[in-house]
Amino acid sequence: MINKERVTKTFLEMASLSSPSGKERKMADFLIQYLKQHNIEAHEDNAGKTIDGNSGNIIGVLKAPGKKRVLLSAHMDTVSPCTKIHPILEDGIIKTDGTSILGGDDKSGIVAILELIHQIQEQNLDHPEIIMVFSIAEETGLFGAKAFDTNAYGPIDYAFVLDSSGNPGKVIHAAPY
């Protein structure tokens, strides 16, 4: 069962971190620390160098040797203005205080991935190997995704990108380009 309190707390913490495209360092540091605290192998690639950014993509791996391999991805950057974000919880709804964006795109995708990992660990669930990619500079041209070295992680059986609008449960299986 999803831990609504944990999801809300984690999202509020992440949403308050400024992370414009090319300047995702605060989110990157948060994610590395978070993943390592939960015994997940985590590291940063050099994707930031391709755009003169201050961080790279963050990659976490929940090991399951010999099993199918699933890649889950969400991006760390948000549109501007995002330097002083003040998320609030009002009547069970998370929103901005009106002075900035909220950053739900795509920190909501990140928190969904993190909660999935929590559920697997807490319930000791059987799982595939899960490769988490938290990319940079999506809002300005998918630069983190383009710089991600897919060959470094071997064959991937399934990949899911958690970044779309619409009702929960909607699956986008194609893009206009």
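See the structure above.
Notes on the structure in this doc start here. (Residues numbered from 1 in each chain as written. Predicted model: local features only at pLDDT ≥ 70, side-chain atom pairs only at ≥ 80, totals over all residues. Heavy atoms only, no water.)

1. Regarding the packing of helix H1 (residues 4-15) against helix H3 (residues 104-122)
Then, number 1: Their axes nearest at 10 Å, the elements H1 and H3 cross at an angle of 140°. Between H1 and H3, the angle is such that the two are oblique. Handedness of the crossing formed by H1 with H3: right-handed. Along the contact surface, H1 presents Arg6, Val7, Thr10, Phe11, Met14 and Ala15, while H3 presents Gly104, Lys107, Ser108, Ile110, Val111, Leu114, Glu115, His118, Gln119 and Glu122.
Then, number 2: Taken together, the residues of the contact of H1 with H3 sort by class into 7 nonpolar, 5 polar and 4 charged. (Axes fitted to C-alpha atoms, helices over the stretch in contact; angles between N-to-C directions. Helix = DSSP H or I, 4+ residues; strand = E, 2+ residues; numbered from the N terminus. Parallel < 35°, antiparallel > 145°, perpendicular 65-115°, else oblique. Left-handed = near helix turned anticlockwise from the far one by under 90°. Contact = heavy atoms within 4.5 Å. Nonpolar A, V, L, I, M, F, W, Y, C, P; charged D, E, K, R; others polar.)

2. Points about the packing of helix H2 (residues 25-37) against H3
Then, number 1: Taken N-terminus to C-terminus, the directions of H2 and H3 make an angle of 5°; their axes are 12 Å apart at the nearest point. The angle between H2 and H3 falls in the class roughly parallel. Together, Met27, Leu31, Tyr34 and Leu35 of H2 and Lys107, Ile110, Leu114 and His118 of H3 make up the contact between the two elements.
Then, number 2: Of the residues in the contact of H2 with H3, the class split is 6 nonpolar, 1 polar and 1 charged.

3. Section: the nonpolar core
Here is a general trend for soluble globular proteins: nonpolar side chains tend to be buried in one another's company.
Then, number 1: Leu31, Met76, Ile110, Met132 and Phe134 are the most contacted members of the largest nonpolar core, which totals 31 residues.
Then, number 2: Contributions of two or more residues to this core are made by H1, H2, strand E2 (58-62), strand E3 (69-75), H3 and strand E6 (129-135).
Then, number 3: Once residues lying within four places of it in the same chain are set aside, the contact partners of Leu31 are Ile58, Met76, Ile110, Leu114 and Phe134.
Then, number 4: Among the nonpolar cores identified, the runner-up in size contains 7 residues, and Leu71, Ile131, Val133 and Tyr153 belong to it. (Core = buried A, V, L, I, M, F, W, Y, C linked by side-chain atoms within 4.5 Å. Buried < 20%, exposed > 50% of the residue type's maximum accessible area, 1.4 Å probe, protein only.)

4. A short note on H3
Then, number 1: Between the first and last C-alpha of H3 there are 26 Å, a value that for 19 residues agrees with the 27 Å anticipated at 1.5 Å per step.
Then, number 2: Residues of H3 that are buried: Asp106, Lys107, Gly109, Ile110, Val111, Ile113, Leu114, Glu115, Ile117, His118, Gln119 and Ile120.
Then, number 3: Contacts made by the buried residues of H3 are with H1, H2, E2, E3 and E6.
Then, number 4: With its phi angle positive at about 50°, Asn124 sits one or two positions after the end of H3. (Expected span 1.5 Å × (residues − 1).)

5. Observations regarding the pattern of salt bridges
Pairing between side chains becomes possible if they bear opposite charge and their charged atoms approach one another.
Then, number 1: Here the structure, examined in full by the defined rule, presents 8 salt bridges.
Then, number 2: For Arg6, the salt bridge goes to Glu115, with nearest N and O atoms at 2.8 Å. Pair noted here: Arg6 is in helix H1 and Glu115 is in helix H3, with a separation of 109 residues, a long-range link. The pair formed by Arg6 and Glu115 is uniform in burial state, with each residue classed as buried.
Then, number 3: A salt bridge links Glu41 to Lys63, with the nearest nitrogen and oxygen atoms 3.7 Å apart. (Salt bridge = Lys/Arg side-chain N within 4 Å of Asp/Glu carboxyl O.)

Spatial relationships are all this shows, so hold off on functional conclusions.
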